[in-house]
Amino acid sequence: MDMNIKVLDCTLRDGGYINNWNFKDEHIEKILLALIKAKIDVIEVGYLNDKGLEHNSTLIKNTYKIDSIIRKLNIGEDIYKVAMINYGDFSLQQLPTSDKCLLDGIRLAFHKDKFDEAIEYAKEIQNLGYGVFFQPMVTKKYSDAEFLKAIEKANKLKPEAFYIVDSFGSMNLQEFKKY
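No experiment lies behind these values; they were computed from the predicted model shown.

Draft legend 1. Representation of the overall build of the protein in the model. Along the backbone of the protein there are seven helices and seven strands. Taken from the N to the C terminus, the helices and strands of the protein come in the order β-α-α-α-β-β-α-β-β-α-β-α-β-α. C-alpha extents for the protein along the principal axes are approximately 45 × 35 × 35 Å. Evaluated residue by residue, the protein yields a buried proportion of 44% over its 179 residues. Sequence separation of 24 or more characterises 69% of the internal contacts of the protein that already satisfy a separation of 6 or more. When the accessible surface of the protein is split by element, carbon and sulfur atoms take 51% of a total near 10,400 Å². The positive charge centre, built from 25 side chains, and the negative charge centre, built from 27, are 2 Å apart in the protein.

Draft legend 2. Seen up close, helix α4 (residues 64–73). Three or more residues of α4 are buried, namely Lys65, Ile66, Asp67, Ile69, Ile70 and Leu73. At its buried positions, α4 is contacted by α3 (25–37), β2 (42–53), β3 (59–60) and β4 (80–86). Two residues or fewer past α4, Asn74 is found with a positive phi of approximately 55 degrees.

Draft legend 3. Main features of the pattern of salt bridges. All told, the structure shown has twelve salt bridges when counted by the stated rule. Put simply, Asp25 and Lys65 hold a salt bridge, and the shortest N to O gap is 3.2 Å. Of the two residues, Asp25 is situated in helix α3 and Lys65 in helix α4; the sequence distance between them amounts to 40 residues. Classification of Lys65 as buried rests on a relative accessible area of 7%. A salt bridge links Lys112 to Glu146; the nearest nitrogen and oxygen atoms lie 2.8 Å apart.

Draft legend 4. Structural view of the nonpolar core. In this structure, Leu32, Leu48, Ile106, Leu108 and Phe134 are the most contacted members of the largest nonpolar core, which totals 41 residues. Of the residues forming this core, the biggest block, six residues, is contributed by helix α5 (residues 115–127). Not counting residues within four places of it along the chain, the set of residues in contact with Leu32 comprises Leu12, Ile43, Val45, Ile69 and Leu73. Counting residues in each nonpolar core, the second largest holds twelve residues, with Val42, Leu59, Ala109 and Met137 among its members.

Draft legend 5. View of the pairing of β2. Of all twelve residues in β2, nine are buried; the element is thus mostly enclosed. Two elements, β2 and β4, share six bridges in a ladder whose sense is parallel. Each residue of the ladder has a partner; that of Glu44, found in β4, is Val82. Of the strand pairs in this sheet, β2 and β3 are connected by three bridges, and their pairing is parallel.

Draft legend 6. Representation of unusual backbone geometry. In the Ramachandran plot, Asn20 falls in the positive-phi region, its phi being about 55 degrees despite a non-glycine side chain. Mapped onto the elements of the fold, Asn20 is located in the loop between α2 (16–19) and α3. Of the residues examined, Asn20 reaches a relative accessible area of 53% and is grouped as exposed.

Conventions adopted
Residues numbered from 1 in each chain as written. Predicted model: local features only at pLDDT ≥ 70, side-chain atom pairs only at ≥ 80, totals over all residues. Heavy atoms only, no water. Helix = DSSP H or I, 4+ residues; strand = E, 2+ residues; numbered from the N terminus. Buried < 20%, exposed > 50% of the residue type's maximum accessible area, 1.4 Å probe, protein only. Contact = heavy atoms within 4.5 Å. Areas by Shrake-Rupley, 256 points an atom, 1.4 Å probe, with all protein chains shown as cover. Lys, Arg positive; Asp, Glu negative; His and termini not counted. Charge placed at Lys NZ, Arg CZ, Asp CG, Glu CD. Salt bridge = Lys/Arg side-chain N within 4 Å of Asp/Glu carboxyl O. Core = buried A, V, L, I, M, F, W, Y, C linked by side-chain atoms within 4.5 Å. Pairing = 2+ DSSP bridges.

Below you can see the structure in the form of structure tokens.
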């Protein structure tokens, strides 16, 4: 079996849980330059959210800031550029079609009770031309049968990736191996 492993870095989004997404613009650029130099395959540039800011934050209300950073740093096509959307926190009316944006994909996170709604939301994202990274949160909340059914439904989307998520560090190695 040939495995193709890609490394995704989410420092600019996940790190925001520690500093309330307060990254100075020059720090965002320095982090991105380091990730480019490290040859990271997929870079999560920020977190799209209707309450986002224009400057000094990776909680971003539209893709214009992301596009300007990508242009300024000349991030090439060899790096897949994504933004995170937490289902329910961002109106897709704010997301331009992919031909008008420099993002390649969207990492869509959602909770179990929103799974079917997230499938429809992911289809809308794909219809805008983006790749979808499908991330059901807190994998441990799914029974084995529910998780298999979730994978079946997600596979119909043909996502770029499907995540097993160790939310809050609650999964042990044996549980991870099972998934």
